[in-house]
Amino acid sequence: MIKLFNDKSFWKTAVKLSIPVALQNLLTSSFTLADTLLVSSLGTVALSSVGMMGQWAWLMNMILVGFCSATTVFISQFWGIRDIKKIRRISGISIIFALGASVLFTAVSLAIPSGVVRIFNSDKNVIASGAQYLKIVAFSFIPVALTNILAAILRAVENVKLPMYVSAVTTVLNIFLDYSMIFGKFGFPALGISGAALATVISAWLGVLLIIVVSFIKKNILIGSFRSFFSFSKQELTAYAAKAWPVVLNESMWGAGTFVYNIIFGNMGYEYFSALTILRSFENIAFVIFIGLCSAASVMIGKSIGQGKIEKGLLDSKRFMVLVPALAVIVAVLIVIFREQLIGIFNMGNYISITTLDTAMTIMAIYAVAFPLRMMPYLEIVSVFRSGGDTVTGAKYELFCLWVLSVPATIIAVYLFKVPFAVAFAVMYVFEDIPKNIVCMRYYLTKKWIKPVTTEGIRGLEEYNNKKAGGK
């Protein structure tokens, strides 16, 4: 074990790539946490409705994650051989797809805001509050999409600091505007829940503007002629689509599955959904270090495989396969120990119901137990399999465990057996994560996920296979 990690260059690269990404996601999560904390002072109805609309935006983000992951598959491998022309053309394709998704969600949100809220809950107060919030926050979807895809491009070429700095600025601005616009401070009008939405919109547009302006100043990978980004060939578009559609389908259907869970949980009562909203806020915080590690794994493994250094890519994958679950266990223990204090932050003004607080305590303990089991397949599917070039197999495993096992089991538990909220929450994890761990680990050990997209990578894989065959 010591020998596996006795490599200074591994640690240097992993830290350089993971810490800025983790900090960026910590800032983004703080952005969401600040919204949730400040809105919680408006009461349980406001907290629940904002949480529900957060899940609608999250569904869009899952689709965007699909495009970002597909982009990373190509760019990290092309970055290994410094093929700037192809990197920019892949970037152009990614931007077009991301904009298309965000425009669709914006249009639906503006056309039928009450209909979107009604998916989650039929309470008239929740519908009115959620629709009021959604009609404004929908204008943040396009800049959020652009920021996500531009940040993914920058991270894939090992430029991880700019997205982190931009997140720092927008998070501070959002917290300031949240406080000012919700409660009417510093000369701003007191807009309540609408103020929270408006703060998100302003911060989101500033984020994409900052990335573009700084990129012009620094002349980084994002700066080139219009033609260099959007003159891609039909062959390149087809190749991207072939790798992207399984990832986008995976993330979209996984997001849709979580969306179904949220509909089920939302209709069990808005007080329960408020508890879930509290959990989601801390879930994002707990998750940030793993987003950083998995992002680093994607770039490091993909870069090595793109260069044809198959053995190095495999070695790095083994290191992350040990590191991630070990850290996940530590985080799980901390969640259990400090969950009462964490939840108490949301009730400093005594605006949240006892039912919500008690439920939050229970489901946070369940989440902690499930946490390490969720992190392993996440690493394997999102970082290892995809960066190796296999975007199909992980999608099959994830969607099977979600749609064939977990979603039906949760629906049966809630609507047939009428189980309590916490039991339904636990059933969701049991039927998804345990089987997914088994199938993903078995596939990882086969090494069939190594499918390079570069000429150098294909040649390197042939040499690796010949070497293994000759050694038998």
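All figures in this text were calculated on a predicted structure; none of them were measured in a lab. (Residues numbered from 1 in each chain as written. Predicted model: local features only at pLDDT ≥ 70, side-chain atom pairs only at ≥ 80, totals over all residues. Heavy atoms only, no water.)

Further remarks concern the overall build of the protein. Scanning the protein from N- to C-terminus turns up 17 helices and zero strands. With the principal axes as the frame, the protein shows a C-alpha extent of 70 × 50 × 40 Å. By residue count, 56% of the 472 residues in the protein fall in the buried class. Put simply, 84% of the contacts in the protein that link residues at least 6 apart link residues at least 24 apart. With 40 positive and 22 negative side-chain charges, the protein shows a separation of 7 Å between the mean positions of the two kinds. (Helix = DSSP H or I, 4+ residues; strand = E, 2+ residues; numbered from the N terminus. Buried < 20%, exposed > 50% of the residue type's maximum accessible area, 1.4 Å probe, protein only. Contact = heavy atoms within 4.5 Å. Lys, Arg positive; Asp, Glu negative; His and termini not counted. Charge placed at Lys NZ, Arg CZ, Asp CG, Glu CD.)

Opposite charge on two side chains permits them to pair, given that their charged atoms come into close proximity. Counted under the stated rule, the structure contains 12 salt bridges. A salt bridge links E283 to R280; the shortest N-O distance between them is 3.3 Å. In this pair, E283 and R280 are both assigned in helix α12 (residues 270-307), three residues apart and thus about one turn of the helix distant. R280 carries the same exposure label as E283, and that label is buried. Here D433 ties to R374 by a salt bridge, and the two come within 2.9 Å at their closest N and O atoms. With a gap of 59 residues between them, D433 in helix α16 (residues 421-446) and R374 in helix α14 (residues 354-387) connect regions that are remote in the sequence. Of the two residues examined, D433 and R374, each falls in the buried class. One connected set of salt bridges, linked through shared partners, spans D7, K312, D316 and R319. (Salt bridge = Lys/Arg side-chain N within 4 Å of Asp/Glu carboxyl O.)

This part takes up the nonpolar core. F265, F320, F371, F425 and W449 are the most contacted members of the largest nonpolar core, which totals 136 residues. Tallying contributions element by element places helix α3 (residues 44-80) first for this core, with 19 residues. Apart from residues lying up to four places away in sequence, F265 is in contact with F273, L276, T410, F421, A424, F425 and M428. (Core = buried A, V, L, I, M, F, W, Y, C linked by side-chain atoms within 4.5 Å.)

Here we take up a nonpolar patch on the surface. Judged by side-chain polarity, V329, I330, V333, L334, I337 and F338 come together as a nonpolar surface patch covering roughly 540 Å² of accessible area. Among the residues examined, V333 registers a relative accessible area of 44% and is labelled partly exposed. (Patch = residues over 30% accessible without salt bridge, like charges linked within 9 Å, V, L, I, M, F, W, Y side chains within 5 Å. Areas by Shrake-Rupley, 256 points an atom, 1.4 Å probe, with all protein chains shown as cover.)

Take the packing of α3 against α12 next. In the contact formed by α3 and α12, the axes pass within 11 Å of each other and the chain directions differ by 5°. Taken together, the axes of α3 and α12 are roughly parallel relative to one another. Of the residues that constitute the contact of α3 with α12, the class distribution is eight nonpolar, 14 polar and three charged. (Axes fitted to C-alpha atoms, helices over the stretch in contact; angles between N-to-C directions. Parallel < 35°, antiparallel > 145°, perpendicular 65-115°, else oblique. Nonpolar A, V, L, I, M, F, W, Y, C, P; charged D, E, K, R; others polar.)

Turning to the side chain of Q77, a few remarks are in order. On the secondary structure map, Q77 appears in helix α3. Look at Q77 and you get buried, because its relative accessible area is 0%. Engagement of the side chain of Q77 in a polar contact is seen with the backbone nitrogen of V453, the distance being 2.9 Å. Leave out the neighbours within four places in its chain, and Q77 touches T72, G302, I305, G306, S387, G388, G389, P452, V453 and T454. (Polar contact = N/O pair within 3.5 Å; in protein donor to acceptor, adjacent residues only side chain to side chain.)

This paragraph deals with the packing of aromatic side chains. All told, the structure shown has 26 aromatic pairs when counted by the stated rule. Between F10 and W11 the ring centres are 5.4 Å apart and the planes differ by 75°, which places this aromatic pair in the edge-to-face class. Classification of F10 by relative accessible area gives buried; the value is 2%. The exposure class assigned to W11 is partly exposed, which follows from its relative accessible area of 33%. Geometrically, the ring pair formed by Y397 and Y443 is edge-to-face, given 6.0 Å between the ring centres and 80° between the ring planes. Placement of the pair is Y397 in helix α15 (residues 393-416) and Y443 in helix α16, with a sequence separation of 46 residues. Given the relative accessible area of 24%, Y397 is considered partly exposed. Given the relative accessible area of 10%, Y443 is considered buried. Members of the aromatic cluster, joined through ring pairs, are Y261, F265, Y272, F290, Y367, F371, F421, F425 and Y429. Here the basic side chain of R82 rests over the ring of W79, its NZ or CZ set 3.9 Å away from the ring centre. Directly above the aromatic system of F10 lies the positively charged group of R319, at a separation of 4.9 Å from the ring centroid. (Phe/Tyr/Trp six-rings, centres within 6.5 Å; stacked < 30°, edge-to-face > 60°. Lys NZ or Arg CZ within 6 Å of the ring centre and 35° of its normal.)

Glycine aside, the phi torsion of most residues is negative, and most peptide linkages are trans. With a phi angle near 55°, K418 is a residue other than glycine that sits in the positive phi range. Position of K418 among the secondary structure elements: in the loop between α15 and α16. In this model, K447 sits at a positive phi of 65°, which is unusual for a non-glycine residue. Its location among the elements puts K447 in the loop between α16 and α17 (455-471).

Two numbers describe how helix α4 (residues 84-111) lies on helix α7 (residues 141-156): the axes approach to 8 Å, and their chain directions differ by 155°. By the criterion of interaxial angle, the relationship of α4 to α7 is roughly antiparallel. Between α4 and α7 the crossing geometry is right-handed. From α4, S91, S94, I95, A98, L99, S102, V103, F105, T106 and S109 reach across to α7, where they touch F141, I142, A145, L146, I149, L150 and I153. (Left-handed = near helix turned anticlockwise from the far one by under 90°.)

With that out of the way, let us pick up helix α6 (residues 124-137). With 14 residues, α6 extends 20 Å between its outermost C-alpha atoms, agreeing within 8% with the 20 Å of an ideal straight helix rising 1.5 Å per residue. Turning to α6, its buried residues are V126, I127, S129, G130, A131, Y133, L134 and V137. (Expected span 1.5 Å × (residues − 1).)

Moving on, we come to the confidence of the model for the protein. Detailed conclusions should not be drawn from predicted coordinates in areas where pLDDT is low. For the protein, per-residue confidence averages 87 on the pLDDT scale, and residues scoring 70 or more make up 96% of the total. Least confident of the elements in the protein is helix α1 (residues 2-5), whose mean pLDDT is 69; most confident is α16, at 96. (pLDDT = per-residue confidence, 0-100.)

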